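Each chain, letter by letter, is given below.
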Amino acid sequence: MAALTGAAAALPSAFSQVGTTALNSGSNDAVPATYRHWREQARRLLEPLAKLMTPERASLDIHGPASANGTNSDRLESVARPMLLAAHYLQSAPEIDGKSGKPDDGALAFREKISAWFRQALLLGTQEDGPQSWGPDANYHQIHVEMGLLCLALQIAMEHLWTPFSATEKTQVARWLGSARHSGYVDNNHYFMGIHVLEFLRRTGHAQTGDAAVVDEYFDRLEKLHRGGGWFQDGINQAYDYYNAYAFNFYGLWWAHLHGDTNPARAKRWRDWSRQFVADYEHFFAASGEHPAFGRSITYRFNSIAPFGLAVLENTTDLPLGRVRRLCTRNLDFFLRHPIFQDQGCLAVGWLDRFEASAEGYTGAASPYWAAKGFSPLLLPPQHAFWSAEEEPLQSERGDHARVIKPAGLLLRSAQGEVEILNAGSQISHTNLRYGAWKWSKIAYRTGTAFTCAFPAQTNWSPDSALTWRTPDDRIFGRHSTVATELTDSHISYRWALGYAPHQTNVGVDTTLWWRAGWILQVHAFDARQPGELRLGGFALPGTNGTFARNETRSVLSVWNRNHRHGSVLQALHGFDRAGWDERVDETKPRAHLAAPFHATPLFFRETTKAAGIVAALAWTGSDPQEAEPWQVVSGAAQSWTLRHSLLGEWSIAHRSLPEISFR
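None of the values given here were measured: they were computed from a predicted structure. (Residues numbered from 1 in each chain as written. Predicted model: local features only at pLDDT ≥ 70, side-chain atom pairs only at ≥ 80, totals over all residues. Heavy atoms only, no water.)

## Some words on the sheet that holds strand β3 (residues 401–405)
What the 4 strands build is an open sheet, ordered β3-β4-β5-β6; its pairing is antiparallel. Each edge of the open sheet carries a strand with a single partner, namely β3 and β6 (444–446). The mean angle between the axes of side-by-side strands here comes to 20°, regardless of whether they run parallel or antiparallel. The sheet contact formed by strand β4 (residues 410–415) and strand β5 (residues 418–423) spans 6 bridges and is antiparallel. Looking across to β5, one finds that leucine 411 is bridged to leucine 422. (Pairing = 2+ DSSP bridges. Helix = DSSP H or I, 4+ residues; strand = E, 2+ residues; numbered from the N terminus. Axes fitted to C-alpha atoms, helices over the stretch in contact; angles between N-to-C directions.)

And the structure:
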């Protein structure tokens, strides 16, 4: 009993129901409209799931792909991830009937229905050898990932999902969770899952000798992945992407929040890291609320905003509350106004619509519900200043700028409200190849445009916004390991290689990038050890149909979608032999673009021998036809260029990587 008391004491007032002043006011006016909006969106996402809640079942029959993790894992995932969404909703302030001024009976009945079903599913799924059993955890199994998430849900809405269980039922669930106690974990953010399972067992009176030592060891391993500023390399994945947001800086803050009293020094470290991380991370969001599609698990969508609500809850951000709320709300609403739902009304696998081919092998039908983490603002009670603070513009709304994130090797920049990631240091490791190298290997990732995938094999490379290489026997290679050599707010440089261990293929590349408005100037110095063909792609213009307006000259390729609202331009400056296109304009080819069924990508090519050389080009995407006009070379001397644009004026650049180019 003492352990349960301790667990309740660990939960802050933000997890309790809204205070009596608001509840007894007899009006919805006591609960800000901003808060009601978030609560309403959570319920709307839960309603299609509630229709699938069948008695005597420990899974939800969500239509979608099966993962490579096995049937039991997918069944558990269909409960654990929606349960996290339900937990955020269940702990929120009850809806008030506008006429009576009392809690809304229909909403209360809905809350009871879903909480009762999740409790039933938890008991059925954890019943050893029962017909609905999820089975125990095992070494390196996805099941303990879902267990860790489930433990957070149980603590967020403890009075709805855990407290009603009898002592015998709690012991049953705890015994099942205990099957993760001895398991092996992948050497990345997965260590957090073991931590949260063991800490939950400790808090609820089911600890065993050795649990605390394992938690300390897992934390030591996680903290060795820290590279500075709250940024972590994701273990064997060697990547810096959104797992920094919805894994490291989410699970770490949750541990500090729920269990930090056991190790105050460690809790302080994670809170300090969160403060530093969030200061960088706000720059990832466009004026529309969208963040650039980048890295793995793109289908989690508004999961990207997960750390913000926790950072406000834990007071680990100095950002103005009105700006944080604007950012979170715009990101949530951006995705919810797109067709991201499948036939049952549940979240579908994809990005801006249903596109199952874009997902990783570990993705199942219920995987998109990891987006539930994005509802962390609902942890803040209606009275919190977060909900009433005056809105402030996002960083991307304050004008074009660049933000260097040296620990991750990333540069974030905004251009006319859009946001772009220039990746100089996030690697494409052996492990990441199976997830789709194109999620990390591109020159730039821009909101409003996204990118194309490479099928049928995820180890292929797609050509847009990338320098790739084709061998004489038609093998295609793109970026692997990447090392940033220069990171400034005016340019970046990085070193990498095209090729792979089989056949010892190798083209070494040193890349330097500059930017102005929607344009990227790129210079690639290469050293080929075998003959082949380099291809440089511009941005892949998405389209809802296959009608594109293309224009070609000797050095400039441009394309606009049907309504001429969005375009992509690639201008060759040096070193190319010919031009071409990668496109899907009808149903004869499989879909490749993440954001739309059709696309068109401008390309330039360069035949290579066993020799060194340089290729240079300008790439643009945006919506302003005047800005899309090509540049003129005023001066193209080696190491010093001056370019002129009809709208943007002169652009002077000095750098050792610049080759001599002719006047145009």
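Having put the structure on the table, let's press on.
## Some points on the side chain of threonine 621
The topology assignment puts threonine 621 in strand β20 (residues 612–622). The buried category is assigned to threonine 621, whose relative accessible area is 3%. A polar contact is formed between the side chain of threonine 621 and the backbone oxygen of glycine 567, at a distance of 2.9 Å. Ignoring any residue separated from it by four or fewer positions in sequence, one finds threonine 621 in contact with Arg446, Thr449, Gly518, Phe539, His566, Gly567 and Ser568. (Buried < 20%, exposed > 50% of the residue type's maximum accessible area, 1.4 Å probe, protein only. Polar contact = N/O pair within 3.5 Å; in protein donor to acceptor, adjacent residues only side chain to side chain. Contact = heavy atoms within 4.5 Å.)

## Description of the environment of phenylalanine 165
Tracing the backbone shows phenylalanine 165 in the loop between α7 (158–161) and α8 (167–177). Sequence separation between phenylalanine 165 and aspartate 272 is 107 residues; the distance between their C-alpha atoms is 37 Å.

## Examining the layout of surface pockets
For the largest pocket, the calculated volume is near 740 Å³. As for the largest pocket, its lining consists of 33 residues, of which Gly448, Pro542, Asn561, Arg565 and His566 are closest to the centre. Secondary structure elements with two or more residues in the lining of the largest pocket: β14 (541–543) and β20. In terms of residue count, β14 provides more of the lining of the largest pocket than any other element does, 3 residues in total. Considering only residue class, the lining of the largest pocket consists of 8 nonpolar, 17 polar and 8 charged. For the second largest pocket, the lining is made up of 27 residues, of which Gln142, His190, Arg296, Tyr362 and Tyr435 are closest to its centre. Breaking the lining of the second largest pocket down by element, the ones donating at least two residues are α6 (143–156) and α11 (243–259). Broken down by class, the residue content of the lining of the second largest pocket amounts to 13 nonpolar, 10 polar and 4 charged. (1 Å grid on protein atoms, 1.4 Å probe; cavity = no way out; pocket = protein on both sides within 12 Å on 5 of 7 lines; lining within 4 Å. Points joined across faces, edges and corners; volume = space filled by probe spheres on them. Nonpolar A, V, L, I, M, F, W, Y, C, P; charged D, E, K, R; others polar.)

## A look at the nonpolar core
Of all hydrophobic cores here, the largest spans 154 residues; its most connected members are Ile114 and Phe284. The element best represented in this core is α11, accounting for 12 residues. Non-local contacts of isoleucine 114, meaning those with residues more than four positions away in its chain, are made with Leu46, Ala50, Met53, Ala86, Tyr89 and Leu90. Listed in part, the 37 residues of the second largest apolar core include Leu487, Leu498, Phe548 and Ala572. (Core = buried A, V, L, I, M, F, W, Y, C linked by side-chain atoms within 4.5 Å.)

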